[in-house]
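So you can see what is in the structure, the chains are spelled out below.
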Amino acid sequence: MVFSSYVFLLVFLPLFLVTYALTPARLRSWTILLGSLLFYAWAQPAALGLLVAVIVFTYLIGGRVLASAGRVRWTWLTLGVTGNLAMLGYFKYANMAASSVNSVRNVLGFDEFTWTQIVLPVGLSFYIFHAISYLVDLHRGAAKAPRNIIDFAAFVSLFPHLVAGPILRFHLLADQFRERTHTPEKFALGAQRVMIGLSMKVLLADPLAPLVNAAYTAARPSADDAWLGSVAYTLQLFFDFAGYSHMAIGLALMLGFRFPENFLDPYTATSITAFWQRWHVSLGTFLREYVYIPLGGNRHGLTRTNLNLFLTMAVGGLWHGANWTFVLWGMWNGAFLVLERVLSKKFGRPPPPAWYAVPKVMLIVILGRVLFRSENVAHAGEVYRGLAGLNGAALTPDVALTVTPERLAVMLAGVAVVYGAPLWNRRAAPQSALRTAPQYALIPVFLLAVATLAAQQYAPFLYFQF
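Criteria and cut-off values
- Residues numbered from 1 in each chain as written.
- Predicted model: local features only at pLDDT ≥ 70, side-chain atom pairs only at ≥ 80, totals over all residues.
- Heavy atoms only, no water.
- Helix = DSSP H or I, 4+ residues; strand = E, 2+ residues; numbered from the N terminus.
- Rg over C-alpha atoms; globule rule 2.2 N^0.38 Å.
- Buried < 20%, exposed > 50% of the residue type's maximum accessible area, 1.4 Å probe, protein only.
- Contact = heavy atoms within 4.5 Å.
- Areas by Shrake-Rupley, 256 points an atom, 1.4 Å probe, with all protein chains shown as cover.
- Core = buried A, V, L, I, M, F, W, Y, C linked by side-chain atoms within 4.5 Å.
- Salt bridge = Lys/Arg side-chain N within 4 Å of Asp/Glu carboxyl O.
- Phe/Tyr/Trp six-rings, centres within 6.5 Å; stacked < 30°, edge-to-face > 60°.
- Lys NZ or Arg CZ within 6 Å of the ring centre and 35° of its normal.
- Polar contact = N/O pair within 3.5 Å; in protein donor to acceptor, adjacent residues only side chain to side chain.
- Patch = residues over 30% accessible without salt bridge, like charges linked within 9 Å, V, L, I, M, F, W, Y side chains within 5 Å.

Here the focus is the overall build of the protein chain. Of regular secondary structure, the protein chain possesses 21 helices and zero strands. Computed over C-alpha atoms, the radius of gyration of the protein chain comes to 23 Å, within 12% of the 23 Å expected from 2.2 N^0.38 for 466 residues, which places it in the range of a compact globule. C-alpha atoms of the protein chain, sized along the principal axes, occupy 65 × 60 × 55 Å. Counting across all 466 residues of the protein chain, residues that qualify as buried make up 52%. A separation of at least 24 residues holds for 77% of the contacts in the protein chain among residues at least 6 apart in sequence. Put simply, the protein chain shows about 21,600 Å² of open surface, and 67% of that area lies on carbon and sulfur atoms.

Written out as structure tokens, the structure is:
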């Protein structure tokens, strides 16, 4: 089930909220768990068993972590983390490993070995990270143990973050499962975030999909194909994923939970470092706490710090998918982060003005996203050839068919929102979610988005694939 569907908006969500409101406070984790399992099973019932297995395995190991000390405690943590990563590795990366081995065998003149493709369970990358954060937080003493397995299962399966994040560390929600408030103001604010998110997804992201798909499936994309498709993809990805995050945060607020923000105006960043502090913040924070710092962080000199930074971004790239394009994309970002750090240490110049820095950062982001969007490295090479003008300049016929005045208008509207919304938010004083006109102005936009859903084909959020 996806948030941007009628069955979720008109059936599941109203019924769930009514049931949740009628449930006594001490039993609400049960309601969350059962509703979340239904939400998950609707999308992929065959994968429900794996989700339950991860919950039970992690909870039992967590109990051993809490009950032990010293080296034994460390051994239980290692077992739990390794077990979770093994499940992630098998379901997400076994196909990639088999394909890579067969490629090597082909080069060496051997026959390929037979391999049956494994289907990736929806949301696996996200709930495995939630499970790992639980074990690490218990080991570090950063959070109290949950009251029972129902609270823990509700944390892992909580439907607002189950299939596409945000990635939440256990200690951020542990206390909220023990006690949280429910107020009309909180519910109204959550509803507004849901309306904003759905509008971003349906009105600004989905209309660009045909153009992006045409540009990125062209065998030899021209310069116009490649640049228009890449810019459109940059907008589509932002409004799709940030829209999803708005909805997740809003749904959580309606249930009384407070999630941290996942996007902080990333396209206005004036450095690559700042960009990664504002884009997919929950993943960046997770990687910093559970990968970068355990590798040594910045505690062993500049060279080791840069290596740790580069490796962390490569891991982040691999987390996105079992494809060398994601690994290269992670390395691309890691290389620019290291370069920026080295140049800053060497020259120590003041930050450049925004009119120069923002377009420079966006150019690096757009060029990197070619790897992120392409199906394989060879096709990414073709897109780069297109960007360089080596495949001609004019739009190819298939791409030209998708370049309509309406889509160009959506792109302009998207740019206006990306750069206008931060200015608006900085100048607007905080006001009640229940009493101000701008919030009520969201309602017709939301209704337009809901009506537009009827004219759309099934369009899941882009991050569902991860």
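A word on the environment of Met-313. Structurally, Met-313 is set in helix H14 (residues 301-320). Residue class for Met-313 comes out buried when judged on its relative accessible area of 13%. Taking the C-alpha atoms as reference, Met-313 lies 6.2 Å from Met-331; in sequence the two are 18 residues apart.

Here Asn-306 shows up in helix H14. Owing to a relative accessible area of 10%, Asn-306 belongs among the buried residues under this scheme. Apart from the residues within four sequence positions on either side, Asn-306 is in contact with Val-338, Arg-341 and Val-342.

Next up on the list: the nonpolar core. Judged by nonpolar contacts, the single largest core of 131 residues is most densely connected at Phe-3, Phe-8 and Tyr-127. Here the element with the most residues in this core is helix H11 (residues 223-254); it accounts for 17 residues. In this structure, Phe-3 is in contact with Phe-8, Leu-9, Phe-39, Phe-159, Pro-160, Leu-198, Tyr-244, Met-247, Ala-248, Leu-251 and Phe-461, ignoring residues within four places of it in sequence.

As a further point, take the environment of Ile-55. Among the structural elements, Ile-55 can be located in helix H3 (residues 48-67). Residue Ile-55 is classed as buried on the basis of its relative accessible area of 5%. Along the backbone, Ile-55 and Ala-153 are 98 residues apart, and their C-alpha atoms lie at a distance of 6.0 Å. Setting aside anything within four residues of it in sequence, one finds Ile-55 in contact with Phe-152, Ala-153 and Val-156.

Right, let's talk about the pattern of salt bridges for a bit. Within the structure shown, the criterion is met by six salt bridges. Here Asp-151 makes a salt bridge to Arg-147, at a shortest N to O gap of 2.7 Å. With a closest N to O distance of 3.0 Å, Asp-206 and Lys-201 form a salt bridge. Lys-201 matches Asp-206 in its accessibility class, with the two residues each being buried. Sharing partners across several salt bridges, the network here consists of Lys-201, Asp-206 and Asp-240.

In this description, an aromatic ring pair is defined by two values, namely the gap between the centres and the angle between the planes. Scanning all chains against the criterion turns up 40 aromatic pairs. An angle of 85 degrees between the planes, with centres 5.0 Å apart, marks the rings of Phe-16 and Phe-159 as edge-to-face. Of the two residues, Phe-16 is situated in helix H1 (residues 6-22) and Phe-159 in helix H7 (residues 159-162); the sequence distance between them amounts to 143 residues. Take Phe-16: its relative accessible area is 6%, and that puts it in the buried class. Plain terms: the ring middles of Phe-129 and Phe-286 are 4.2 Å apart, the flat faces sit at 10 degrees to each other, and that makes the pair stacked. Note that Phe-129 is positioned in helix H5 (residues 124-140) and Phe-286 in helix H13 (residues 281-295), a separation of 157 residues in sequence. We note that Phe-129, like Phe-286, is buried. Here the aromatic residues Phe-238, Phe-239, Phe-241, Phe-263, Tyr-267, Phe-275, Trp-276, Trp-279, Phe-326, Trp-329 and Phe-372 are joined through ring pairs into a cluster of three or more. Here the guanidinium or amino end of Arg-180 rests over the ring plane of Phe-177, the centre of that ring lying 5.9 Å away.

Most of helix H6 (residues 149-157) sits inside the fold, with eight of its nine residues counted as buried. Inspection of H6 places Ile-150, Asp-151, Phe-152, Ala-153, Ala-154, Phe-155, Val-156 and Ser-157 among the buried residues, and these make up the whole buried set. Looking at the buried side of H6, the elements it contacts are helix H2 (28-43), H3, H5, H7 and helix H8 (170-178). If you check the start of H6, you find a side-chain oxygen 3.0 Å away from the backbone N of Ile-150, and it comes from Asn-148.

Within the chain, Asp-265 stands out as a residue other than glycine whose phi angle is a positive 50 degrees. With respect to the secondary-structure elements, Asp-265 resides in the loop between H11 and helix H12 (272-278). Backbone geometry at His-280 places phi at a positive 45 degrees, although glycine is not the residue there. Position of His-280 among the secondary structure elements: in the loop between H12 and H13. When its relative accessible area of 2% is taken as the criterion, His-280 is described as buried.

Now for a nonpolar patch on the surface. A surface patch of nonpolar side chains, amounting to about 390 Å² of accessible area, comprises Tyr-6, Leu-10, Val-11 and Leu-15. With respect to the secondary-structure elements, Leu-10 resides in helix H1. Here Leu-10 falls in the exposed class, since its relative accessible area comes to 57%.

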